Amino acid sequence: MEGQTPGGGGLSEKPVPTATGPGLSSLGAVFILLKSALGAGLLNFPWAFHKAGGVAPAFLVELVSLVFLISGLVVLGYAASVSGQATYQGVVGVLCGPAIGKLCEACFIVNLLMISVAFLRVVGDQLEKLWDFLLPSAPLAPQPWYTDERFTLTLLCALVILPLSTPREIGFQKHTSILGTLAACYLALVIVVQYYLRPQDLTHEPPLASSPSSWTSVFSVFPTICFGFQCHEAAVSIYCSMRHQSLGHWALVSVLSLLACCLVYSLTGVYGFLTFGTGVSADVLMSYPGSDGVVIVARVLFAVSIVTAYPIVLFLGRSVMQDFWRRGCGGACGLRALAEPSGPWVRVPLTVLWVATTLAMALFLPDLSEIIGIIGGISSFFIFIFPGLCLICAVSVEPIGPRVKCCLEAWGVVSVLVGAFIFGQSTVAAVMELL
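Quick notes on the rules
- Residues numbered from 1 in each chain as written.
- Predicted model: local features only at pLDDT ≥ 70, side-chain atom pairs only at ≥ 80, totals over all residues.
- Heavy atoms only, no water.
- UniProt positions renumbered as here; feature names shortened; annotations may be inferred.
- Axes fitted to C-alpha atoms, helices over the stretch in contact; angles between N-to-C directions.
- Helix = DSSP H or I, 4+ residues; strand = E, 2+ residues; numbered from the N terminus.
- Parallel < 35°, antiparallel > 145°, perpendicular 65-115°, else oblique.
- Left-handed = near helix turned anticlockwise from the far one by under 90°.
- Nonpolar A, V, L, I, M, F, W, Y, C, P; charged D, E, K, R; others polar.
- Patch = residues over 30% accessible without salt bridge, like charges linked within 9 Å, V, L, I, M, F, W, Y side chains within 5 Å.
- Areas by Shrake-Rupley, 256 points an atom, 1.4 Å probe, with all protein chains shown as cover.
- Salt bridge = Lys/Arg side-chain N within 4 Å of Asp/Glu carboxyl O.
- Bend = angle between axes of the 7 residues up to and from the residue.
- Polar contact = N/O pair within 3.5 Å; in protein donor to acceptor, adjacent residues only side chain to side chain.
- 1 Å grid on protein atoms, 1.4 Å probe; cavity = no way out; pocket = protein on both sides within 12 Å on 5 of 7 lines; lining within 4 Å.
- Points joined across faces, edges and corners; volume = space filled by probe spheres on them.

As recorded by an unreviewed UniProt entry, the chain carries the name Solute carrier family 38 member 8 and is attributed to Odocoileus virginianus. Per UniProt, the chain carries the Subcellular location (unreviewed entry) text "Membrane".

This is how it looks when you write it as structure tokens:
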């Protein structure tokens, strides 16, 4: 599909803006893409296998989703080549028009903001369990002041998350992404080993679901998969930061990343479900005994994994705010330092604003576990709907063969329809649960 002449049947590529600096290596791109997907959704997969009615139906849904997930990443790389834009919202705005671009920006901000809040809530929960293990006390005895979530989470944001989130380019995250990926893999390994070792608190045989309770229960797995595999928001930024930008190269990076991610998610989902059966919690770590040292280490490392994923989400949300600044305040500002949104005088305050807002929401809003379906529903826009629309619009302006054009347009329509169905079903189900 790459490197074809305009008269051929393939797709042509155009140069896209590249990041300043040496560029991102293929291995670094794989780790950043992998870490973008290995987030808080890892804890929900055993519960999703239970909701789907067992290992077989859940695994089938995951494999079907994987086809759309990989194709969405490849389409976004191609769309970035055609549009010449370096951000997700920029690609959608150029190819699909300003109205769809505005919708993309609104969904982008809301989705990434809620993901950031969910990340902080997950980290806060793990810190709370860690303090309970380190400082055991009587049931009614108060904990020391320094174990309060408001203090520990604020300190963590100020000393760790904020410094990791201030760099200008996403390529910096390749170092922390390796650490975060290893931490997520350790969690999956612990769940597999705990199934075979069977600690004394888990010696009973768990009840396992033999079949789905209804067809809607199978489709209810899609929001969890969308929430878990949501790396598409970062796809354009990662592609434009790569040293070697070609569609075939990007397809290989996408396949390797999502196959590795699918392996980690599948191991966690299968063995977590087989360990606890229908009694598995939405957060699988909550099903394990609080005094298990191996699980405590998994909690700490998973918190490290979430902390390293937060800056990637912030980078993407900050890019939208920088576009707002460039269109609005940048042109009217007399100072040159404030006119460039990627400069430290604009980038750092926007980063502080994002961290402070998500921290306040994580501390004062109620539990976000009930609205994971809404987050997954919004994520379906970036995994299915927007890539499908970009593909339809891109092939309409590219000089490609009629058969290839017809097939790609049909796939774009299918992707949009599937995304619309997932968004509607997951959003309605999440709202009904809240009510």
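K.L.:
Hey, could you run me through the packing of helix α3 (residues 55-83) against helix α11 (residues 247-276) in this one?
P.N.:
To describe two helices that pack against each other, one gives the angle between their axes and the distance between the axes. It is at 10 Å that the axes of α3 and α11 come closest, and there the two elements cross at 160°. As far as their axial angle goes, α11 and α3 are roughly antiparallel. For the pair α3 and α11, the sense of crossing is right-handed. Split into classes, the residues belonging to the contact of α3 with α11 amount to 19 nonpolar, 3 polar and 1 charged.

K.L.:
Sorry, what's going on with the environment of Phe-119 here?
P.N.:
Among the structural elements, Phe-119 can be located in helix α5 (residues 98-134). For the pair formed by Phe-119 and Ser-305, sequence separation is 186 residues and the distance between their alpha carbons is 9.9 Å.

K.L.:
Help me out: how do you make sense of a nonpolar patch on the surface in this one?
P.N.:
Taken together, Trp-145, Tyr-146, Phe-151, Leu-155, Leu-159 and Val-160 make up a surface patch of nonpolar side chains, about 600 Å² in accessible area. Inspection of the secondary structure puts Leu-159 in helix α6 (residues 149-165).

K.L.:
Looking at this model, I keep getting lost on α6. Mind explaining?
P.N.:
Every α-helix winds through 3.6 residues per turn, so residues three or four apart in the chain are directed the same way. Of all the bends in α6, the greatest measures close to 40° and is centred on Cys-157. For α6, the side-chain oxygen to backbone nitrogen distance between the N-cap and Arg-150 is 2.8 Å, and the N-cap itself is Asp-148.

K.L.:
Can you walk me through empty space enclosed by the protein in this structure?
P.N.:
Rolling a probe over the atoms, with the probe sized like a water molecule, indicates the empty space that remains. With the rule as written, the count across this model stands at 4 cavities of 30 Å³ or more. Within this model, the largest cavity holds a volume of roughly 100 Å³. Ser-36, Leu-112, Ile-115, Phe-119, Gln-230, Cys-231, Glu-233, Ala-234, Ala-309, Ile-312, Val-313 and Leu-316 together form the lining of the largest cavity. Put simply, the parts of the chain that give the lining of the largest cavity at least two residues each are α5 and α12 (293-332). A per-element tally of the lining of the largest cavity places α12 first, with 4 residues. Taken together, the residues that form the lining of the largest cavity break down as 9 nonpolar, 2 polar and 1 charged. The computed volume of the second largest cavity comes to approximately 40 Å³. As for the second largest cavity, its lining consists of Phe-68, Ser-71, Gly-72, Val-75, Ile-383, Pro-387, Gly-388, Leu-391, Trp-411 and Ser-415. Mapped by element, the contributors of at least two residues to the lining of the second largest cavity are α3, α15 (372-397) and α16 (402-434). A per-class count over the lining of the second largest cavity returns 6 nonpolar, 4 polar and no charged.

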